[in-house]
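# Topology and contacts: notes
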Amino acid sequence: SLERTQGFASRTGTIGFLWRYLKLLGQQPDANTCASCSSAISTQNAGGGTYIRYTNGFVCNDCAPVYKESQNFSKQDSPFLSSESLFYLNAINTLRPSTVRSMELSPQNESELKNFLFILIESALGSRLNTLETGSGIL
């Protein structure tokens, strides 16, 4: 459980919990496939993908410019996630929990994922969560 873990394991445990919670809510986007062209995002040379809030999906680097020109595009609500972050999210869904716990995340990827998941949780719930803002330095 999260209360028994310390440091890195606690922070990545929070990421895993929030990602799985979004799946239970039916709000988890596909982190592997472009919502526009259906190509695998993580296998592109540049890697990574941009989350598009109004589609609740990721788009690859080839499709992203079309969405970024849209009036519905908000840079704040449409973060870019690196291929490493997307791989980690996919691992949570597909690999054994013990395998995921043994994976390492860079501080940059950890921060990227926390910020992204907080955006999705707040979007799913329809309001800002003061507890997430207050605890952002702790989690």
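In this text, all values refer to a predicted model and were calculated from it rather than measured experimentally.

Rules behind the numbers
Residues numbered from 1 in each chain as written. Predicted model: local features only at pLDDT ≥ 70, side-chain atom pairs only at ≥ 80, totals over all residues. Heavy atoms only, no water. Buried < 20%, exposed > 50% of the residue type's maximum accessible area, 1.4 Å probe, protein only. Helix = DSSP H or I, 4+ residues; strand = E, 2+ residues; numbered from the N terminus. Pairing = 2+ DSSP bridges.

### Side note on the pairing of strand β1 (residues 49–52)
Here β1 shows no split at all, with G49 and Y51 on one side and T50 and I52 on the other all buried. The sheet contact formed by β1 and strand β3 (residues 80–81) spans two bridges and is antiparallel. Within β3, the position partnered with G49 by the bridge is L81. Direction of pairing for β1 relative to strand β2 (residues 57–59): antiparallel, over a ladder of three bridges. Residue pairing for β2: Y51 is matched across the bridge by F58. Count of turn residues in the β1/β2 antiparallel hairpin: four residues, of which N56 carries a positive phi of about 50°.

### Description of the sheet that holds β2
Spatially, three strands are ordered β2-β1-β3 in an open sheet, and the strand pairing comes out antiparallel. Lying at the two open borders of the sheet, with one neighbouring strand each, are β2 and β3.

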